Amino acid sequence: MEIIVLPEEVVARIAAGEAVERPASAVKELIENAIDAGASSLRVESVAGGRQLIRVSDNGAGIPGMEIELACKRHATSKLRATEDLQDLSTLGFRGEALASIAAVSQTTIITRHRDDPMGISLRLNGGRVERQRPIGAPAGTVVAVENLFFNTPARLKFLKSDRTEKRNIHGVVTRYAMAYPHIAFTLKQDEREQFRSSGRGDLADVVAGVFGRNHFKRMIGIETSSPARIAQPTIAVRGYTSLPDLTRRDRSRIALFVNGRAIQDNSLSHAVTGAYEGMIKSGTFPFAVLLISLPTEFVDVNVHPTKAQVRFRDPSQVFSTVQRALRQALLEADLDEPDADQWRTDGFTNEAIDYRRPAPSFARTATEDSFHDADLGYIPEAADAPAKPRTLPILRVVGQIGATYIVAEGPAGLYLIDQNAAHERILYEKICEEQRADSPLAAPVSDSQTVLLSPEHDIVLGECAGVLSELGFEIESFGPHTYVFRACPQVIASSRLADVFPTMLENLSRKRKGREEAIAALAAVAAVKSGQILSMEEMQSLVAQLERCASPLASPSGNNTLIRLTREQLALEFRRA
């Protein structure tokens, strides 16, 4: 084939694919334009995950009527004049591609009035081509309505995720910029329902609490520090919030990083954050963090990628060490209230010989049962005439507890260390599954009608899995924006404070498919005995006896090991008796 110069329309669509990957990308570009325009109030609306409609409204300076068409052309910008300007950028946008890229792959309507103009302008574009322009009465500011995104690029449309996923991506963009700019009032409305609102009063703590939820924010600490001034090195300021070691999740999605007000993705800085927690959190878990990093613009290059989500530092090691040192110092100064790692319980331990042929001890219909339930371990006794489940583990004799986390037991083949949290999750998961198969979920009325305030993101998850939660025994009524009253809940969490456990359950579900099995696993996770909880000998014996008859006793529903075994041969080798 001969070499040709591509038509401008094709070039525009290719460029649009670089800057606008999905609906959330369009939202990000429009938010940045509004912030650069000096907006103090910003409203984002979407329908069908942004496929049908994205509307971003602001009260910024507006676009002059004579420049409205020019603003929609590629590389048209008011923020850059010469190559040298790239070295000292103080605006979020500068490429002049946002409006052109969005308009090229959608049907876009822009209504704007510059604060110095007496009348506003309405401009309609279809696939980047101007269809209509007319004067209109409008307040100062800009409204950009993007309809039928990617209607003319079916390949891009085909690779979009579900509406639920695209809604969550849009929610993440809005809430991140709300945290970066607490002095701007943000509102997010999705499918005619308000999902998020910030006051714009400039209180970062208030915005972070609104994004992550009050319960999670209670487990976060503030950070405000800067690197010492040195010759030829910039002063780097770091402020924000990070979680205490007991608040983590299994991915990095709650680490929000901003450089000079720009939301960025930087693996090195993410490692700086997680590295600050070395020795404090489990491997494979990550903290919550919102960090606003500031440094002179000439020391950071933002012209790295079309999405402007990556930056390059002149001295990356200085930024890395400043961030990590700030977090580590804040964590070391915080009251972590950690359990005594050297704690060892040997209640009832004796040195008597063990006959592994004797029947397993019975814990049903005794005072032990009440003790187990009162400890919020969710024990569900078997019916008196219920057939015994087949044994899947050998009879284990409980010896004690290590670090209020692991149960030590002896069996015919050696020593067993049982993770009490993972084991109890497995027990509860199988019991709840049995209830569901029998169509008889054990629900309990909530006597004092507990009220739970959810974060906007958790509210979305609740809407997605309301039917499954009802099947598990939840009776929930709306009581205002993001607020719900509980009339009933599953028996396993009936004695828990729902304001603590229910958001955690939704957090677990936010990362998974919203099916029944996933909901049962999330319920079992919040109801199970926690690591760090001291158990009596009777409670440990009852837990182990139930684990011995689980169908799948070796792993929790999330895949963590419930126990490890040290054989007699391994022990002999360690003591050099082999």
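Anyway, here's the lowdown on the structure attached to this text. (Residues numbered from 1 in each chain as written. Predicted model: local features only at pLDDT ≥ 70, side-chain atom pairs only at ≥ 80, totals over all residues. Heavy atoms only, no water.)

Below, the discussion takes up the sheet that holds strand 7 (residues 185-190). Backbone-to-backbone hydrogen bonds join strands into a sheet, with any given pair of strands oriented parallel or antiparallel. Spatial strand order, 5-4-3-6-2-1-7-8: 8 strands in an open sheet with mixed pairing. Two strands bound the open sheet, and with one partner strand each, they are strand 5 (129-136) and strand 8 (193-197). The sheet shows a mean angle of 10 degrees between the axes of neighbouring strands, direction not considered. Running at roughly 170 degrees to strand 7, helix 6 (residues 163-180) makes contact with strand 1 (41-47), strand 7 and strand 8 of the sheet. (Pairing = 2+ DSSP bridges. Helix = DSSP H or I, 4+ residues; strand = E, 2+ residues; numbered from the N terminus. Axes fitted to C-alpha atoms, helices over the stretch in contact; angles between N-to-C directions. Contact = heavy atoms within 4.5 Å.)

This brings us to helix 9 (residues 267-275). Because each turn of an α-helix spans 3.6 residues, side chains separated by three or four positions in sequence point in the same direction. Among all positions in helix 9, only Leu-269, Ser-270, Ala-272, Val-273 and Thr-274 are buried. Considering only its buried residues, helix 9 is in contact with strand 12 (255-259), strand 13 (262-264), strand 14 (286-287), strand 15 (289-294), strand 17 (312-313) and helix 10 (316-333). (Buried < 20%, exposed > 50% of the residue type's maximum accessible area, 1.4 Å probe, protein only.)

We now examine the packing of aromatic side chains. Enumeration according to the criterion identifies 6 aromatic pairs in this entry. With centroids separated by 6.4 Å and ring planes inclined at 15 degrees, the aromatic side chains of Tyr-177 and Tyr-181 adopt a geometry described as stacked. We classify Tyr-177 as buried; its relative accessible area is 1%. The rings of Phe-474, Phe-486 and Phe-502 are connected pair by pair, giving a single aromatic cluster. Across the ring face of Phe-299, the terminal group of Arg-314 is positioned such that the distance to the ring centre comes to 4.5 Å. (Phe/Tyr/Trp six-rings, centres within 6.5 Å; stacked < 30°, edge-to-face > 60°. Lys NZ or Arg CZ within 6 Å of the ring centre and 35° of its normal.)

It is worth spelling out the side chain of Ser-198 at this point. Examined against the element boundaries, Ser-198 turns out to sit in the loop between strand 8 and helix 7 (204-212). Only 3.5 Å separates the side chain of Ser-198 from the backbone oxygen of Ile-184, close enough to count as a polar contact. If near-sequence neighbours (up to four positions away) are discounted, Ser-198 is found in contact with Ala-178, Ile-184, Ala-185, Phe-186 and Val-207. (Polar contact = N/O pair within 3.5 Å; in protein donor to acceptor, adjacent residues only side chain to side chain.)

Of all 6 residues that make up strand 15, 5 are buried, and the element is covered over most of its length. Pairing geometry for strand 10 (residues 237-243) and strand 15, over 6 bridges, is antiparallel. Among the inter-strand pairings, Ala-237 is bridged to a residue of strand 15, identified as Ser-294.

We now examine the pattern of salt bridges. Applying the stated criterion to the full structure yields 26 salt bridges. With a closest N to O distance of 3.6 Å, Glu-45 and Arg-43 form a salt bridge. Among the residues examined, Arg-43 registers a relative accessible area of 29% and is labelled partly exposed. (Salt bridge = Lys/Arg side-chain N within 4 Å of Asp/Glu carboxyl O.)

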